Structure formats: structure tokens, C-alpha cells
Amino acid sequence: MAAVQESAGEADVVHSRHREHDLLLEIREQKKQLADEMQELKEAIAEIQRELNELDDNSGDEDSEADETQAKVRAAKKEFNIKPKKGLKMLIECGAVEDNPEAIAAMLFESDGLKKGAIGELIGQNPDLWPEVTDILEAFGKRHNFEGLDFDQALRAYLWSFRLPGEAQPIDRLMVAFAKRYMECNPGKFSHEDTCYVLAFSTIMLNTALHNPAVKNKQTIESFISMNRGIDQGKDLPVELLTGLYNSISSSPFKLPEEEAGLLYTFFNPERAGWLHKEGGQHKTWKRRYFTLANNCLYYFESPDSVKPKGTIPLESLHVREATDAKRPHCFEIIAEHAATGKGAPKAALSVKGAKTNRKGQIVLGKHSSYKIQAADRTEMEEWIKCIRAAMQKDPVYEMYRLKKLRVT
């Protein structure tokens, strides 16, 4: 009996060992499967990581390309503000704007990063030299909606979107475009586009006459009405219209965009502007000043951002010529016409009328027999002399007004 039990026990032990062996084999198999699965997971993770790295690399390339494109756009806008036509070409080449009039006009109208003076210079280009500008100017005009606006409101909106150049022909082209667009938006307002054109010039001249500090005798409402007689194809415009215009301009002068707020006294884009050195009147010391030539006046400021000029030199009845100075080359001087001709004249007629701001901020009469000014080099000196002489000879705004009025009256 004992032998039987012992034999049975040994059988159980053997059986148990077989089961343990089978279980061990099963565990090893599972372990091997787990190891294989872990290896697959590691490989999958590694593959995912490689893909993520590739995405990061591609993203970096895209960011780099985007940064490069933005740099090109910034460079093109900077060039536009110096040389508008060249800058526009660069903007087209870098993909900032499509090469068609409507897209270009939209960019100019939004004027993001573009100076108003440069915009005016571009759209005022001579179409004989650059035919594409005709369509660009027309598309730019159509960006303005003048429907239902009073005349001066429309003119203010138009002149806010760019800055008028200082030359007669570009001014003419830009104001023709305004007159055409205003009549499109307000049909029947005037008998002809020329009426709108002449009234626009008359309004601009009124703004200068009322708010330019160099103008001593301010224009009256009677004078404004008189100068606009017969401009509507030989007929007079309603007195109520002209009175409303006068009162509006008198109470609220035209404003320029903030970028050029320091030159509010010079409504038009100056014929020339830049740094020069000026000799003082009393102490004969030389100081660096920022000069602006516009509206038949020469203004000088402490800096381009100055709100008020340090001095104003009305150019009427004056003469400009090169000056000889052994210590300071490239000088020119502004003198009275009588002094230039050498003819006998009272002492008062030999002085140059000017105004300046004293230390108290008061405007006082300048005491100068002449103004001596130094440029950086001979080329710059000659350019200043040329521009000042041109300004002394005529007022481009008045000339355009006079010529057009002859046609409509």
C-alpha cells in the first residue's frame, strides 16, 4: 500500500514538473512575443520621431523662406519710399503684389508701409514715359467712393490717400482723375468735369491762402466767390455751395497724414527738402537745419518732425545765386532782386523779408540782408538753386487753375 502511494506521489511530482516546464516554456514564449512587440514599438516610435524631425526641418525651411520673403518685402517698401517706380518693380518680383493695375491700386490705397509722398510721385508719373500708370491711376481713383459726399469732403478724402507732387503736370493729371471720379460718383453735380477740376484747385488755393503763415492778407469770402465766377461752363456756381466751401476750409484746414505732420505748413509735396547749413543773421553762426521748399516759400525746421518751422522765407521778389566763401564751399545765397541787379534802391528794398521763431516761440521779423546757405556738395547746391529759381518764377497750382479756367469761362 505504501509502495503504491509512493509510486503515485512520484507520478504527481513528475506531472507537476512537466506542467512547470510547459508553463516555463509558455512564459518564455510570451516573453519572446513581448520582446518582439516592444521592438516593433521602438521601431514605430523611431519612425514617428524621424517623421516629426522631418516635419520640423520642413517647418524650419518654410519659416526661413517666410522670413526671407518678408525681408524682401520690407526692402522693396523701403526702396519704394525712395524710388517709387523701382520699389514697385521689387514688390511685384517678390510676390507682394500682382502685376495688374487693380492689385497695384489696392496696395497703394491701403498704403501699408508706403509713404504718401511716394504714392503721389508714382501715380503722377508721365504716361508718355510709363503708359501703365494711366490704368493704375484710374484704378486708384475707383478705390475712392465719393457718392453723396460734399465736395470738400471728397477732396479731403482724395488728398489724404497720397500727397500731391510739387510739379504742375503731375498735379494736373491727379486732379483730372479726381474730377472724373467725383463726377462718376455724383452725376449731374456740375455741368462738366472741368468745373469740378477748377473748383478743386480753387479750394486748394483757398486752403493755402487761409492757413499758410507766409500769406499776410487772408482771402475773403467775397474774393473766393468772385474768383470762381463763370467756371461752370460760363455759368456761376450757387453762392450757397461756395459759401459752404469757404466756411468749411476756414474752420478746418486740410490735414496731412501723420507721417508728414511736421510739414503741415506745406500742403504740397515739397519741390525739394533736405538738410542744409544756414548762416545766422545777427551772430553769423552756422546751424544745421531741415529745409523745405514749397508754396513759393522756403521753410527751415530743427528737424523733419518739427511741427512749426524755425523760419520762413517768402521767395517773391528775391534772387538766388551761388556764393563764394573760402571757408565754406558749395554755398548759395538768397538776396533781394535790387541787390542782385546792383541798381540803386532804398535800404529797405535791399533786405530780405522773412520770419523766424524766437526763443519765446513768438514769430518775429527776420533781420537779413541775405540768407547764406551751404549744401553738402556742388551737385546738391546746383539742384537747390535750380528748384528755388523755378519756385520764384511761378506757382504750379495757380498756373493750373488759371489755364483751366480760361477753357471753361
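Cut-offs applied
Residues numbered from 1 in each chain as written. Predicted model: local features only at pLDDT ≥ 70, side-chain atom pairs only at ≥ 80, totals over all residues. Heavy atoms only, no water. Axes fitted to C-alpha atoms, helices over the stretch in contact; angles between N-to-C directions. Helix = DSSP H or I, 4+ residues; strand = E, 2+ residues; numbered from the N terminus. Parallel < 35°, antiparallel > 145°, perpendicular 65-115°, else oblique. Left-handed = near helix turned anticlockwise from the far one by under 90°. Contact = heavy atoms within 4.5 Å. pLDDT = per-residue confidence, 0-100. Expected span 1.5 Å × (residues − 1). Buried < 20%, exposed > 50% of the residue type's maximum accessible area, 1.4 Å probe, protein only. Arc of directions from axis to C-beta. Nonpolar A, V, L, I, M, F, W, Y, C, P; charged D, E, K, R; others polar. Polar contact = N/O pair within 3.5 Å; in protein donor to acceptor, adjacent residues only side chain to side chain.

1. A few points about the packing of helix α8 (residues 193-211) against helix α10 (residues 239-251)
- In the contact formed by α8 and α10, the axes pass within 10 Å of each other and the chain directions differ by 40°. Judged on the interaxial angle alone, α10 and α8 are oblique. Our pair here, α8 against α10, has a crossing hand that is right-handed. Of α10, the residues touching α8 (which contributes Leu199, Thr203, Leu206, Asn207, Leu210 and His211) are Leu241, Leu242, Leu245, Tyr246, Ile249 and Ser250.

2. Comments concerning the confidence of the model for the protein chain
- Per-chain confidence: the protein chain averages 82 in pLDDT, with 79% of residues scoring 70 or above.
- This model gives residues 345-349 a pLDDT under 50, and the stretch forms four contacts once residues within four places in sequence are excluded.

3. Observations regarding α10
- With 13 residues, α10 extends 18 Å from end C-alpha to end C-alpha; this agrees with the ideal 18 Å at 1.5 Å per step.
- Every buried residue of α10 is listed here: Leu242, Leu245, Tyr246, Ser248 and Ile249. Down the axis of α10, the buried set is contained in an arc of 165°. They therefore lie on one face. Facing away from the buried side of α10 by over 90 degrees, the exposed positions are Glu240 and Ser251.
- Buried residues belonging to α10 abut α6 (151-160), α8 and α9 (221-227).

4. Focus on the packing of helix α7 (residues 168-185) against α8
- The geometry of α7 relative to α8 is characterised by a closest axis approach of 8 Å and an angle of 120° between their N-to-C directions. When the axes of α7 and α8 are compared, the pair comes out oblique. Crossing handedness for the pair α7 and α8: right-handed. Of the residues in α8, those touching α7 at Ile171, Asp172, Met175, Val176, Phe178, Ala179, Lys180, Tyr182 and Met183 are Glu193, Cys196, Tyr197, Ala200, Phe201 and Ile204.
- Of the residues in the contact of α7 with α8, the class split is 12 nonpolar, no polar and three charged.

5. Some thoughts on the side chain of Asn228
- Note on placement: Asn228 falls in the loop between α9 and α10.
- Excluding residues that lie within four positions of it along the chain, Asn228 makes contacts with Leu199, Ser202, Leu242, Tyr401 and Lys405.

6. Considerations on the environment of Thr243
- Assignment of secondary structure puts Thr243 in helix α10.
- By relative accessible area, Thr243 is classed as partly exposed at 23%.
- On a C-alpha basis, the gap between Thr243 and Ile221 in space is 7.0 Å, while along the polypeptide they are 22 residues apart.
- In this structure, Thr243 is in contact with Ile221 and Ile225, ignoring residues within four places of it in sequence.
- Polar side-chain contacts of Thr243 include one of 2.8 Å to the backbone oxygen of Val239.

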